[in-house]
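Structural features, examined
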Amino acid sequence: MTCPACRERKPDFLAGAPRYAAAGWTVLAVVVGDPAISAELVSELRPAGTVLAEDVGGPVGEAFTLTGYPAFVLVRDNQIVASSFDFHQLPPADAPVASATGLAS
């Protein structure tokens, strides 16, 4: 993995993602970059949820208008309700959707 911030924040995601899944959130990890380089990361993230791999500028990154990595995005009822570059800045998994605010830019 060539993304130092991704490596640093991976344990937070792996520890926190099950709480979001248990609360009814869809957990999706999008790994951006060369598939040969990112294959290990894809494998490590799989226990936490669905993992998609795509090239830079891929459709999922574009749909979420990602400007940096890693980015954590909460989606409920087909709407982005919160995002952050820091997993700990997301609302708690059991927070009502109406209170989940704070989109990263």
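Keep in mind that this is a model prediction, so the values were computed, not measured.

With respect to helix α2 (residues 35-45)
Ser38, Leu41, Val42 and Leu45 are the residues of α2 that are buried. Considered in projection along α2, the buried side chains sweep an arc of 110 degrees and stay on one side of the axis. In this structure, α2 carries Ala36 and Glu40 as exposed residues pointing more than 90 degrees from its buried face. Residues of α2 that are buried in the fold lie against α1 (4-22), β1 (28-32) and β2 (50-54). Capping of α2 at its N-terminal end is provided by aspartate 34; its side-chain oxygen lies 2.7 Å from the backbone amide nitrogen of alanine 36.

Side note on the packing of aromatic side chains
Throughout the structure, instances matching the rule amount to five aromatic pairs. Between the aromatic rings of tyrosine 20 and tryptophan 25, the centroid separation amounts to 6.4 Å while the plane-to-plane angle is 70 degrees, which identifies the pairing as edge-to-face. The pair formed by tyrosine 20 and tryptophan 25 is uniform in burial state, with each residue classed as buried. Ring geometry for phenylalanine 72 and phenylalanine 87: centres 5.2 Å apart, planes at 85 degrees, overall edge-to-face.

A short note on the state of the cysteines
One pass over the full model with this rule turns up one disulfide. Linked covalently through their sulfurs, cysteine 3 and cysteine 6 form a disulfide whose S-S length is 2.3 Å. The S-S bond linking cysteine 3 to cysteine 6 shows a torsion near 70 degrees; that makes this disulfide right-handed. Exposure class is identical for cysteine 3 and cysteine 6. Each is buried.

Brief notes about the pattern of salt bridges
Tallied over the full model, the rule gives one salt bridge. We note a salt bridge from glutamate 44 to lysine 10, for which the minimum N-O separation is 2.5 Å. In this pair, glutamate 44 sits in helix α2 while lysine 10 sits in helix α1, placing the two residues 34 residues apart along the sequence.

Comments concerning the layout of surface pockets
Computed from the structure, the largest pocket encloses a volume of approximately 820 Å³. Of all elements in the fold, only α1, β1, α2 and β3 (72-76) reach the threshold of two or more residues within the lining of the largest pocket. Among the residues forming the lining of the largest pocket, the class breakdown is 27 nonpolar, four polar and three charged.

So, the side chain of glutamate 54
Along the chain, the position of glutamate 54 falls in strand β2. Summary of buried charges: glutamate 54 has no salt-bridge partner, and the nearest side chain of opposite charge, arginine 46, is 13 Å away. A distance of 2.7 Å separates a polar atom in the side chain of glutamate 54 from the backbone nitrogen of glycine 61. Setting aside residues up to four positions removed in sequence, glutamate 54 forms contacts with Val30, Val31, Val32, Gly33, Pro59, Val60 and Gly61.

What counts, and where the lines are drawn
The numbers attached to residues start from 1 for each chain and follow its sequence in the written order. Selection of residues for local features in this predicted model requires a pLDDT of at least 70, selection of side-chain atom pairs for listing and counting requires 80 or more, and totals for whole chains, interfaces and linings are taken over all residues. Note that the side-chain values use all heavy atoms of the structure and ignore hydrogens as well as water. Residue burial is assigned from relative accessible area. The probe radius is 1.4 Å, only protein chains are included, and a residue is buried under 20% of its type maximum, exposed over 50%, and partly exposed in between. Put simply, DSSP marks the helices as runs of H or I at least four residues long and the strands as runs of E at least two long, and each gets a number from the N terminus on. The directions from the helix axis to the C-beta atoms are what the arc is built from. Throughout, a residue-residue contact means that at least one pair of heavy atoms, one from each residue, lies within 4.5 Å. Nitrogen and oxygen atoms within 3.5 Å of one another constitute a polar contact, given that in protein one can donate a hydrogen and the other can accept it, and given that sequence-neighbouring residues count only through two side-chain atoms. Two rings belonging to Phe, Tyr or Trp (six-membered ring only in the last case) form a pair when the distance between their centres is within 6.5 Å. Interplanar angles under 30 degrees mark stacking, angles over 60 mark edge-to-face geometry, and anything in between is tilted. Any pair of cysteine sulfurs within 2.5 Å is marked as a disulfide. A carboxyl oxygen of Asp or Glu within 4 Å of a side-chain nitrogen of Lys or Arg is what we treat as a salt bridge. Buried and open spaces are told apart on a 1 Å grid over the protein atoms alone, a cavity being a set of points where a 1.4 Å probe fits but cannot get out and a pocket being an open set with protein on both sides within 12 Å along at least five of seven lines. Residues with an atom within 4 Å of a point are the lining residues. Grid points are joined across faces, edges and corners, and a volume is the space filled by probe spheres set on the points. In this classification, the charged set is Asp, Glu, Lys and Arg, the nonpolar set is Ala, Val, Leu, Ile, Met, Phe, Trp, Tyr, Cys and Pro, and all remaining amino acids, among them Gly, are polar. The charged-residue count follows a simple rule in which Lys and Arg add positive charge and Asp and Glu add negative charge, with His and chain termini not counted at all.

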